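These are the residues of each chain, in order.
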Amino acid sequence: MATPFLTTSTTLSLSLSTHLHRLSSSLSSTCFPFKPNLHRVRRSPSLLASYGNPHLFNHKDHHSTYKSLLSTRILGPKSNFLQMGPSETSCSREILVKSSASDSSNTVISTLSQKVFGVLHLVVSLGIVLAMDKFLKQAFVAAAIKFPSALFGMFCIFSVLVILDTTIPAAATSLMNFFEPALMFIQRWLPLFYVPALVVLPLSVRDIPAASGLKICFIIAGGWLASLCVAGFTAIAIRKIVNTEMVDAEPMAKPSSFAPIEFWTWGGIFLASFVSAIFYPTALGTTARTCLPFLLASTVLGYMVGSGLPSAVKKVLHPIICCALSADLAAVAFGYISQSGVDAVLGDYLTKVSSNPGAGDVLMGFLGSVILSFAFSMFKQRKLVKRHAAEIFISIILSSLFSLYSTALVGRLVGLEPSLTVSILPRCITVALALSIVSLFEGANSSLTAAAVVVTGLIGANFVQATLDKLRFRDPIARGIATASSAHGLGTAALSAKEPEALPFCAIAYGLTGIFGSLFCSVPVIRQSLLAIVG
């Protein structure tokens, strides 16, 4: 009885196989544009087992096996045909699209929130620095102290950071991180804050005789180079004497470049305010306030254009000079069109009256905060400052003495009038301290003092980097000390814009040169010796 059953089972299996082959061929020709890779259907393990033992044959397993074989062999192992796949795929695609849109919107919101937070962080941190500068100024005025309040604040901030770093390092780090946006803003626009004195320079030198003017220019140019060499070579010599090995400075972040939107924005402000000021000269109450927007925009645009010049051009035409020329050209154009004259426009550029400020007054209002920010740059390089303290202090002291006595001696040799020579003695010292120094001498011309300081800074800003390269001053300490000791703030701004790692040492030399110069001229013996040399 087993034989007929086996025969029937075998026949059934072969007929099913033949039927499956015909069905797959039919489906292949009607449903698919390609020819599926069909092979002979292998016998199921359950069927093979049943051949030897019919009691092991299971009709349910047999049915499911052939259903699986039908799906796999005809459509492929990964096919979803005749299943719920298409509808599920469509739903998953909709979910993915919605998820992608949601992620995109979340990214946009996150980016906007970060930008808003960044702007608020900048405003708060910069506002605190400006408030500190204003508070110190008012306190020094109330106490009748003539010493620049910003220099005092710079050394105070530096001291506080050093103390915190020693006791609570995390607090010092948090303080640095909090003021980082303000520091980057100041560093980005640093040269711009020293430009107003250059813009109004034509008003300061017009009363000086031409012959005396040439002698003064010779003293200033030659004295700048001599002071730079003395400071730089002294720093290197002291380092060799004390046998201090030079190590790399801490990397300093560089400010971002100017975006096209900034050019277009300031350009639009310039055109709109320039035309408005021509037709309505007192639209904002006074001519100074009315001219402020376009004069400020012309100054900023000049700095942006100068910063974008090729490196070879910037060695001859520094962005600071390009900036000052741009503001002067705008003043000349407005004075000619409005028939008010260039002198009147330049007078409105820097009024030095808080109730009626000009564009120059706005820019110079940041100078105090600039000096305060130097404390943070010094703190970043505190290890190098401590390591090279001997060469820093000794080179600055010798450079300050050399600058005062060499100016007096050369003025005597070239036959410059004693009153004019005394007026340019503090040529390498920042304006605020230079004016307090010449007040100790009788008959000095404070306007000439300011002009001499500005011209010294102008020469340094334009030629300092190329000169340092020629003299082979490679390390940031020698470059920073030589620059600030010979060209004060303008030189500092010019060099630090390209070499941020030199800024801390520029800041130290910038402050100490003014301090030591003031102290030396306050000593009666030194003051009398200078007057004796001048004649």
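Numbering of residues starts from 1 in every chain and runs along the sequence as written. In keeping with the model being predicted, local features are shown solely for residues with a pLDDT of at least 70 and side-chain atom pairs are shown and tallied solely at 80 or more, while totals for entire chains, interfaces and linings include all residues. Hydrogens and waters are ignored; side-chain quantities use all the structure's heavy atoms.

Moving on, we come to the confidence of the model for the protein chain. Each residue gets a pLDDT score, which is the predictor's confidence in that residue and runs from 0 to 100. Per-residue confidence for the protein chain gives a mean pLDDT of 79; residues scoring 70 or more make up 79%. Per the convention used, a helix needs a DSSP run of H or I reaching at least four residues, while a strand needs a run of E reaching at least two, with both numbered from the N terminus. Taking the mean pLDDT of every element in the protein chain, the minimum, 40, falls on helix 2 (residues 45–52) and the maximum, 94, on helix 10 (residues 260–279). Every residue in residues 1–17 scores below 50 in pLDDT, and together they form nine contacts with partners more than four places removed in sequence or on other chains. We call two residues in contact whenever any of their non-hydrogen atoms come within 4.5 Å of each other. Note on residues 23–89: pLDDT is under 50 here. Beyond four places in sequence and across chains, it has 44 contacts.

Take empty space enclosed by the protein next. Any space left empty among the atoms is revealed by the rolling of a water-sized probe across them. Buriedness of a pocket was judged along seven lines, with at least five required to meet protein on both sides within 12 Å; pockets are open sets of points on a 1 Å grid over the protein atoms alone, cavities are sets where a 1.4 Å probe fits but cannot get out, and lining residues have an atom within 4 Å of a point. Grid points are joined across faces, edges and corners, and a volume is the space filled by probe spheres set on the points. By the definition in use, this model includes two cavities of 30 Å³ or more. Of the volumes computed, that of the second largest cavity is approximately 100 Å³. Lining of the second largest cavity is provided by 13 residues; of these, Asn 462, Val 464, Gln 465, Ala 466 and Lys 498 occupy positions nearest its centre. Taken together, the elements giving at least two residues each to the lining of the second largest cavity come down to helix 21 (446–470) and helix 22 (476–498). A class-by-class count of the residues in the lining of the second largest cavity yields six nonpolar, three polar and four charged. For the purposes of this description, domain bounds are those given by an automatic or database domain assignment. Mapping the lining of the second largest cavity onto the domain boundaries places at least three of its residues in each of domain 1 (117–257 + 358–534) and domain 2 (263–349). Asp, Glu, Lys and Arg are counted as charged, while Ala, Val, Leu, Ile, Met, Phe, Trp, Tyr, Cys and Pro are counted as nonpolar; the rest, among them Gly, fall into the polar class.

The next subject is helix 13 (residues 319–338). Relative to the 28 Å expected for 20 residues at 1.5 Å per residue, helix 13 spans 28 Å between its end C-alpha atoms, a close match to the ideal helical length. A simple rule labels every residue: compare its accessible area, found with a 1.4 Å probe on the protein chains alone, to the largest value its type can have, and call it buried under 20%, exposed over 50%, or partly exposed in between. Within the sequence span of helix 13, burial applies to Pro 319, Ile 320, Ile 321, Cys 322, Cys 323, Ala 324, Ala 327, Asp 328, Ala 330, Ala 331, Phe 334 and Gly 335. In this analysis, the expected span of each helix is defined as 1.5 Å times one less than the number of residues it contains.

Ring geometry is summarised as follows: Phe, Tyr and Trp rings, the Trp one being its six-membered ring, pair when their centres sit within 6.5 Å, and such pairs are stacked at plane angles under 30 degrees, edge-to-face over 60 and tilted between the two. Scanning the model with the defined rule gives 16 aromatic pairs in all. When the centroid spacing of 5.5 Å and the interplanar angle of 50° are considered together, the rings of Phe 140 and Phe 152 count as tilted. Of this pair, Phe 140 sits in helix 4 (residues 85–142) while Phe 152 sits in helix 5 (residues 149–167), and the two are twelve residues apart along the sequence. Looking at Phe 140, the relative accessible area reads 10%, which means it is buried. According to the relative accessible area criterion, Phe 152 is partly exposed, its value standing at 40%. Measuring from ring centre to ring centre gives 5.0 Å for Phe 178 and Phe 179, while their planes differ by 85°; the resulting arrangement is edge-to-face. For Phe 178, a relative accessible area of 29% corresponds to the partly exposed category. In textbook terms, an aromatic cluster arises when at least three aromatic residues are bridged by ring pairs, as seen for Phe 270, Phe 274, Phe 294 and Phe 334. The residue whose ring lies beneath Arg 382 is Phe 379, and the NZ or CZ to ring-centre distance is 4.0 Å. Charge-over-ring placement is defined geometrically: NZ (Lys) or CZ (Arg) within 6 Å of the ring centre, and within 35 degrees of the ring normal.

This part covers the environment of Leu 309. As for its position among the elements, Leu 309 is in the loop between helix 11 (287–307) and helix 12 (311–314). A C-alpha to C-alpha distance of 9.9 Å links Leu 309 and Cys 322, two positions 13 residues apart in sequence. Setting aside anything within four residues of it in sequence, one finds Leu 309 in contact with Lys 314 and Leu 317.

Its 25 residues place the ends of helix 21 34 Å apart at the C-alpha level, agreeing with the 36 Å of an ideal helix rising 1.5 Å per residue. To get the bend at a given residue, fit one axis to the seven residues ending there, fit another to the seven starting there, and take the angle between those axes. Of all the bends in helix 21, the greatest measures close to 60° and is centred on Phe 463. Phi turns positive, to about 65°, at Arg 472, one or two residues after helix 21.

Moving on, we get to a nonpolar patch on the surface. What makes a patch is a set of residues exposed beyond 30% relative accessible area and free of salt bridges, joined within 9 Å when like-charged and within 5 Å when nonpolar (Val, Leu, Ile, Met, Phe, Trp, Tyr). Per-residue and other accessible areas were derived by the Shrake-Rupley procedure at a 1.4 Å probe size, with only the shown protein chains allowed to occlude residues. Salt bridges are defined by distance alone: a side-chain nitrogen of Lys or Arg within 4 Å of a carboxyl oxygen of Asp or Glu. Judged by side-chain polarity, Val 275, Phe 279 and Tyr 280 come together as a nonpolar surface patch covering roughly 370 Å² of accessible area. Within the secondary structure layout, Phe 279 lies in helix 10.

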